[in-house]
Amino acid sequence: MRKVKGFLLIGIIMSILFSSLMVITAVEMTAEEIINKRDNNEYFDTAQMEAEMIIVSGSRKITKTMVALTDKKNSLAEFTNSQDRGTKFLKREDDLWMFFPDAEEIIKISGHMLNQGMMGSDFSYQDVMESDKLTDLYDFKIIKEEELDGRPCYVLEGIAREGVKVSYYRRVSWIDKERFIGLKEELYAQSGRLLKEIKVNKIEEIEGRWVSIDSVMENKLRKDTYTEFIITQINFNPEIPEETFSLQNLR
Amino acid sequence: MKKYFSILILTMMFILLFATTTIFSKVEIGGELNMNLSGVLFRESEALVYPQGSLDLELYIPPFDNNLIKSAVYLYNNPTTGQFDFMFKKLYFKHKFDKLQLTVGRQPISWSFGSMLNPVDFTLGSVVMDEETGSKYQNAIEAYFPINWNSSITAIAAFPNGFENVKWGLRGRTMLEGYDLTLNYVREPEENSAETMIPVSQRIGISAKGDLGPFGIYGALGYYFEDNDDGDLAYLIGGDYSYFFEAGNNIYFQLEYLSIKKDNLSSILGPFFAGNVTNNLNENIGLILGMANYEIDEFSQINLMAISSLNDGSIIVIPGYRNQLSNNLSFNLSTAIYFGKEDTLFGPNVSEGTQKRPKGMISIGLTYSF
């Protein structure tokens, strides 16, 4: 009996130790490690996708559709809905080029326009086409842990690194503890004002990674307006020819 | 000759189209239908109101084996004849070779670089004043040689009046220190216009566009060769800026200044202003053009444009409003109000026996995309 009690005690201690070790491992993940895991999950070498943007303001709603190719630094998007059909955007690092299909003109867009809403949506050109890793742009720290819609999350705060050009000075991100995907993000100006909030509606596991396929961007400075971004089809790491992200390919 | 050229292009297109039946099955038709009610005010008691309609129709043919066929036609009711008319905007075949893209047929040739007026375009003519003059659509052969992702050389042979008079163009484009740079050359053929012989003319030009801090800046310099003197110089400088309000809306500003000899002005502004630029052709004209575009919400915006001659103080003010009513339907309102004395560049002219220019114009309409 004494022997059984001894085994039980050892078992209990082992379990406590093991659980403690698990907790310590989880707690001890640094903000950078969490963001890196998220980056590794959400960012890719190349991707090809079809998507739709549903722009809602009050009771009015319009839908724009597009196809896009992207790599680590560059993006090429072409709108396919009837009103904007053939309009293309090429982002090469910090430069944005636009192709106007009627006159078949290629115009370099001024840098300040990267912060404007893309085709009237709440997503700016920068939001949609930004391809840099977040850890290259922000210093992150864990500010709390909490549940969001039943999912345990790390809540991280990122402050823009000095000398780095970013659209939002501060961002607060809710990152799923198990799947390492952002479920919600608040984007702030340097003044502390909340500018935008992005919330994920639907996540799917595609090609072994968790992908947000339906998210909503709300411009917090405006009333009754949001844009839903739905990825209808996505392929990771397709082979993209070198000349894809070029002016010659916009024509 | 022009007719034969179109027939040749049309035949080529149809052969290609029907030879590729699998592609043909994927062809889509799209376009835009515009219905407007326009009004022109000459005097308090003299006004003209008329409906206007136009249809842009385009065939979307999927590319095949590095080939691309484009066909777009513009149908409109001609306000001068009262009849329906049409114009092919695009009817071309493009093949992408390894180091060359060759485009043959009716095609848009535009050397815009982001300005509202462009003194160094392939076809001079204001984009702002009249988008549908058709002057940028040419029967032409274009050879485009890409050098790297942002650099290229384009050679163009256009046939504005048939094969006998060729208009030549050459354009180099590159990027340097974040600036989009172009170098252009155009040789216009001799032209017989209304019993007037317009001699061969040549021009070269450069343009640049980039960022300077929070501002977008651009400029162009053109040199128009003359047979009997040193030629004329034209230059344009401009910039743009976005201001974001606390409420999330933004206002976009664009401002530019053009200096050009009066003789060359009509080709920049279009035929509408030709009657005003006959006196003292050697005089240099300074034009200032400004635009502000305010986004009211996701679906609607107002804009205000103004163009003024600094020489005589005349001005056109062009306010506009656009509202996207649904996925395919938008409402447009545009007006133009002319200020200035009768003999000024933009001033209204209602005297008998001269070309009439109105005091104001208004156009209200709907655009349906499909």
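About the cut-offs
- Starting from 1, residues in each chain are numbered consecutively following that chain's sequence as written.
- The naming scheme follows written order: chains are lettered A onward, ligands numbered 1 onward.
- The model is predicted, so local features are restricted to residues of pLDDT at least 70 and side-chain atom pairs to those at 80 or more, both for listing and for counting; the totals for chains, interfaces and linings are taken over all residues.
- Secondary structure follows DSSP: runs of H or I at least 4 residues long count as helices, runs of E at least 2 residues long count as strands, and numbering of each begins at the N terminus.
- With C-beta atoms placed from the backbone, a residue is buried if 20 or more other C-beta atoms are within 10 Å of its own, exposed if 12 or fewer are, and partly exposed between those counts.
- For every residue pair, C-beta atoms are placed from the backbone, and the pair is scored as a contact if these atoms sit within 7 Å.
- Note that Gly is not counted as nonpolar here; it falls among the polar residues with everything else outside the nonpolar set of Ala, Val, Leu, Ile, Met, Phe, Trp, Tyr, Cys and Pro and the charged set of Asp, Glu, Lys and Arg.
- Only buried residues count toward a nonpolar core: Ala, Val, Leu, Ile, Met, Phe, Trp, Tyr and Cys, linked into one set through C-beta atoms within 7 Å.
- Any two strands with at least two DSSP bridges between them are considered paired.
- How sure the predictor is of each residue is captured by pLDDT, a score from 0 to 100.
- A helix is expected to span 1.5 Å multiplied by its residue count minus one.
- The directions from the helix axis to the C-beta atoms form the arc being described.

## Details of the overall build of chain B
A tally of helices and strands in chain B yields three helices and 20 strands. Within chain B, the fraction of its 370 residues that count as buried is 28%. Expressed as a percentage of contacts within chain B between residues at least 6 apart in sequence, the contacts between residues at least 24 apart total 47%.

## Re the overall build of chain A
Scanning chain A from N- to C-terminus turns up five helices and 13 strands. In chain A, buried positions account for 32% of the 251 residues. At a minimum sequence separation of 6, the contacts of chain A that also span at least 24 residues come to 42%.

## Regarding the interface of chain B and chain A
The partner chain A presents 29 residues to the 34 residues of chain B that form the contact. Counting only elements with at least two residues in the side of chain B that touches chain A, the list comes to strand 5 (101–108), strand 12 (201–212) and strand 14 (232–244) of chain B. A per-element tally of the side of chain B that touches chain A places strand 14 of chain B first, with three residues. Among the residues making up the side of chain B that touches chain A, the classes are represented as nine nonpolar, 17 polar and eight charged.

## Observations concerning the nonpolar core
Within the largest apolar cluster, 29 residues are counted, with the highest numbers of intra-cluster contacts made by Leu117(B), Ile260(B) and Ile268(B). Counting only elements with at least two residues in this core, the list comes to strand 7 (152–158), strand 13 (215–224), strand 14, strand 15 (250–261), helix 3 (262–269), strand 16 (284–295) and strand 19 (329–339) of chain B. Formed by 27 residues, the second largest nonpolar core is a distinct cluster that contains Leu69(A), Phe79(A), Ile109(A) and Ile198(A).

## So, the pairing of strand 3 (residues 67–77) of chain B
Consecutive residues of a regular strand have side chains that alternate between opposite faces of the sheet. Residues and elements named next belong to chain B. Relative to strand 3, strand 2 (residues 47–60) is paired through seven bridges, and the arrangement is antiparallel. For leucine 55, the partnering residue across the bridge sits in strand 3 and is leucine 75. The antiparallel pairing of strand 2 with strand 3 creates a hairpin that spans six residues between the two strands, and aspartate 65 there sits at a positive phi of about 45°. Pairing between strand 3 and strand 4 (residues 84–96): eleven bridges, direction antiparallel. Directly across from valine 73, in strand 4, lies its bridge partner phenylalanine 88. Hairpin connection from strand 3 to strand 4: six residues lie between these consecutive antiparallel strands, with glycine 82 at a positive phi of about 80°.

## A few points about the confidence of the model for chain B
For any part of a model where pLDDT is low, the fine detail of the predicted coordinates should not be relied upon. Scored by pLDDT, chain B has a mean of 85; 84% of the residues are at 70 or more. Here the predicted complex carries an ipTM of 0.86, next to a pTM of 0.84.

## So, helix 2 (residues 31–42) of chain A
Residue and element names in this part refer to chain A. In this model helix 2 runs 16 Å from its N-terminal to its C-terminal C-alpha over twelve residues, within 8% of the 16 Å that 1.5 Å per residue would give. Here helix 2 has its buried residues at Ala31, Ile35 and Arg38. Down the axis of helix 2, the sector holding all buried residues measures 60°, keeping them to one side. In this structure, the buried side of helix 2 is in contact with helix 4 (134–137), strand 7 (138–148), strand 8 (151–160), strand 9 (170–176) and strand 10 (182–188).

## Description of the environment of Asn284(B)
All names here are of chain B. Looking at the element boundaries, asparagine 284 is found in strand 16. Judged by local crowding, asparagine 284 falls into the partly exposed class, with 13 C-beta atoms found within 10 Å. The contact partners of asparagine 284, leaving out residues within four places of it in the chain, are Ser259 and Lys261.

## Structural notes on the environment of Asn161(B)
Here Asn161(B) lies in the loop between strand 7 and strand 8 (167–176). Sequence-wise, Asn161(B) and Asn139(B) are 22 residues apart; in three dimensions their C-alpha atoms are separated by 9.0 Å.

## Describing the environment of Ile61(B)
Residue and element names in this part refer to chain B. Note on placement: isoleucine 61 falls in the loop between strand 2 and strand 3. According to the C-beta neighbour criterion, isoleucine 61 is buried, with 20 such atoms within 10 Å. Along the sequence, isoleucine 61 and isoleucine 29 sit 32 residues apart, while their C-alpha atoms lie 8.8 Å from each other.

## Observations regarding unusual backbone geometry
Residue and element names in this part refer to chain A. In this structure, phenylalanine 180 takes a positive phi of about 50° despite not being glycine. If you check the backbone angles, asparagine 237 has positive phi at about 55° while not being a glycine. Mapped onto the elements of the fold, asparagine 237 is located in the loop between strand 13 (225–236) and helix 5 (247–250). The exposure class of asparagine 237 is exposed, given the 12 C-beta atoms found within 10 Å.

## Let's talk about the pairing of strand 4 of chain B
Residue and element names in this part refer to chain B. Pairing analysis gives six bridges linking strand 4 to strand 5, with the strands arranged antiparallel. Within strand 5, the residue paired with leucine 91 across the bridge is arginine 106. Hairpin geometry of strand 4 and strand 5 is characterised by an intervening segment of four residues between the two adjacent antiparallel strands.

## Structural notes on the confidence of the model for chain A
All names here are of chain A. Across chain A, the average pLDDT comes to 84, with 87% of residues at or above 70. Of all secondary-structure elements in chain A, the lowest mean pLDDT belongs to helix 1 (residues 2–27), at 46, while strand 6 (residues 105–109) reaches the highest, 94. For the stretch residues 12–26, pLDDT sits under 50, and the model shows zero contacts to residues farther than four places along the chain or on other chains.

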